[in-house]
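The chain contents come next:
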Amino acid sequence: EAAKAAWEKQFSRREVPDEMPEHAVVGPTLAAALAQAGLATSNSDGRRKIEAGAVEVDGERVKDSKAPIAAGTHVVRAGRHYARLVVTG
């Protein structure tokens with residue numbers, strides 16, 4: 001039941017899951033942060049995902065593949081995967 005409720009919350013209602021991995025990353029760009037966190041296989045893959053509209057930061061869709069990411073803690077969705085990124089530098 002708990003797994004079913006979590007699946008419905010994340011995929012049916014598009015809500016942020018309660019539990020997600022947390023990664024410490026060093027900017028300067030969102031694409032680089034995605035690669036460091038394992039949400040993309042490389043910086044290029046991160047840029048492609050951003051340009052395709054598959055990336056959200058704190059609930060806001062990002063379309064600029066060269067977008068910087070501000071220092072602090074952010075909830076990032078890349079496709080179906082969520083992570084909490086703690087960005088420094």
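Scroll up a little and you will see the structure.
Report on the accompanying structure. (Residues numbered from 1 in each chain as written. Predicted model: local features only at pLDDT ≥ 70, side-chain atom pairs only at ≥ 80, totals over all residues. Heavy atoms only, no water.)

**Section: the sheet that holds strand β1 (residues 22-26)**
Alright, step 1. One open sheet holds the 5 strands; their spatial order is β1-β5-β4-β2-β3, and the pairing between them is mixed. On the outer flanks of this sheet lie β1 and β3 (60-61), each paired with one strand and no other.
Alright, step 2. In this structure, strand β2 (residues 55-57) lies alongside strand β4 (residues 72-78), joined through 3 bridges in antiparallel fashion. When the sheet's bridge partners are listed, Val-57 is paired in β4 with Val-76. (Pairing = 2+ DSSP bridges. Helix = DSSP H or I, 4+ residues; strand = E, 2+ residues; numbered from the N terminus.)

**Let's talk about the pairing of β4**
Alright, step 1. Sheet topology places β4 next to strand β5 (residues 81-88); 7 bridges connect them, and they run antiparallel. Among the inter-strand pairings, Val-75 is bridged to a residue of β5, identified as Arg-84.
Alright, step 2. Hairpin connection from β4 to β5: 2 residues lie between these consecutive antiparallel strands, with Gly-79 at a positive phi of about 70°.

**A few points about helix α2 (residues 30-37)**
Alright, step 1. For α2, the buried fraction is high: 6 of the 8 residues fall into the buried class.
Alright, step 2. Among all positions in α2, only Leu-30, Ala-31, Ala-32, Ala-33, Leu-34 and Ala-37 are buried.
Alright, step 3. Packed against the buried residues of α2 are β1, α3 (43-51), β2, β4 and β5.
Alright, step 4. Just beyond α2, the residue with positive phi is Gly-38, at close to 85°. (Buried < 20%, exposed > 50% of the residue type's maximum accessible area, 1.4 Å probe, protein only. Contact = heavy atoms within 4.5 Å.)

**Some remarks on α3**
At 3.6 residues per turn, the α-helix brings residues three or four places apart onto the same side.
Alright, step 1. If you check which residues of α3 are buried, you get Asp-45, Gly-46 and Ile-50. Looking straight down α3, one finds its buried side chains confined to an arc of 140°; they lie on one side.
Alright, step 2. Those residues of α3 that are buried are in contact with α2 and β2.
Alright, step 3. Once α3 ends, the next one or two residues include Gly-53, with phi positive near 80°. (Arc of directions from axis to C-beta.)

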